[in-house]
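These are the residues of each chain, in order.
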Amino acid sequence: MKASEYLWKYIDIQHRMEGESPEEAQGELRKEMTRTGDIQIVSDTTGEAMSEREARSVLGRNEEDLRTLYLEGNRAKFDALVLEQLGSDDAYHAAKAEDGDAGEDEPSGEAEAE
């Protein structure tokens, strides 16, 4: 299932389960995904597997707009916004990989001075 579809369904379940926790909505969506056999979330841009956390991160960064589009029933604009955010994320990760992040996991200069 594409991330955009996952997020639409997640918001839909939250809307129907008004007052319940986000974790309960997530659990209901997992049940639905298992029941339909569509248990893997993939990026709308790359088709690569995504975790639920990664998909919900897109929601977290665009929550107001995505929820408004859901309430308007505007699935096309909803999907387009998710696609735009994922494309932006892809560009960020590509640039980060190009710059090389080899030094990030190395100890700081303080540890070397000891």
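Per chain, residue numbering runs from 1 following the sequence as it is written. Reporting of local features is limited, given that this is a predicted model, to residues whose pLDDT is at least 70; pairs of side-chain atoms are given and counted only at 80 or more, and all residues count toward the totals for whole chains, interfaces and linings. The side-chain numbers reported here are obtained from all heavy atoms of the structure, hydrogens and water having been left aside.

Of all hydrophobic cores here, the largest spans 23 residues; its most connected members are Tyr-6, Leu-7, Ile-41, Leu-66, Phe-78 and Val-82. Secondary structure counts use DSSP, requiring at least four H or I residues in a row for a helix and at least two E residues in a row for a strand, with both numbered from the N terminus. In terms of residue count, helix α1 (residues 3-16) provides more of this core than any other element does, seven residues in total. Contacts: residue pairs with any heavy atoms within 4.5 Å of one another. Other than its neighbours up to four places away in sequence, Tyr-6 contacts Met-1, Gln-26, Leu-29, Met-33, Ile-41, Glu-52, Ala-55 and Arg-56. To form a nonpolar core, buried Ala, Val, Leu, Ile, Met, Phe, Trp, Tyr and Cys residues must be joined to one another through side-chain atoms within 4.5 Å. Exposure categories follow from relative accessible area, calculated using a 1.4 Å probe and restricted to protein chains: below 20% of the type maximum is buried, above 50% is exposed, and the middle band is partly exposed.

The length a helix should cover is 1.5 Å for every residue beyond the first. In a regular helix each residue adds 1.5 Å, so 14 residues correspond to 20 Å; α1 covers 20 Å between its end C-alpha atoms and thus fits that length. All of the buried residues in α1 are Ala-3, Ser-4, Tyr-6, Leu-7, Trp-8, Tyr-10, Ile-11, Ile-13 and Gln-14. On the buried face of α1, the contacting elements are α2 (22-36), β1 (41-42), β2 (49-50), α3 (52-61), α4 (63-72) and α5 (75-99).

Here we take up the side chain of Gln-26. Of note, Gln-26 is situated in helix α2. Residue Gln-26 is classed as buried on the basis of its relative accessible area of 12%. Every residue in contact with Gln-26, bar those within four places of it in the chain, is listed here: Tyr-6, Tyr-10, Glu-52 and Arg-56.

Before going further, it helps to spend a moment on the pattern of salt bridges. Salt bridge, as used here, is a side-chain nitrogen of Lys or Arg placed within 4 Å of a carboxyl oxygen of Asp or Glu. Tallied over the full model, the rule gives eight salt bridges. Across the pair Asp-12 and Arg-16 runs a salt bridge, and its minimum N-O distance is 3.0 Å. On the criterion of helical spacing, the pair formed by Asp-12 and Arg-16 is a turn pair, its members being four residues apart in helix α1. Residue classification places Asp-12 among the partly exposed positions, given a relative accessible area of 22%. Residue classification places Arg-16 among the exposed positions, given a relative accessible area of 57%.

Interpretation in functional terms is not warranted from these geometric data alone.
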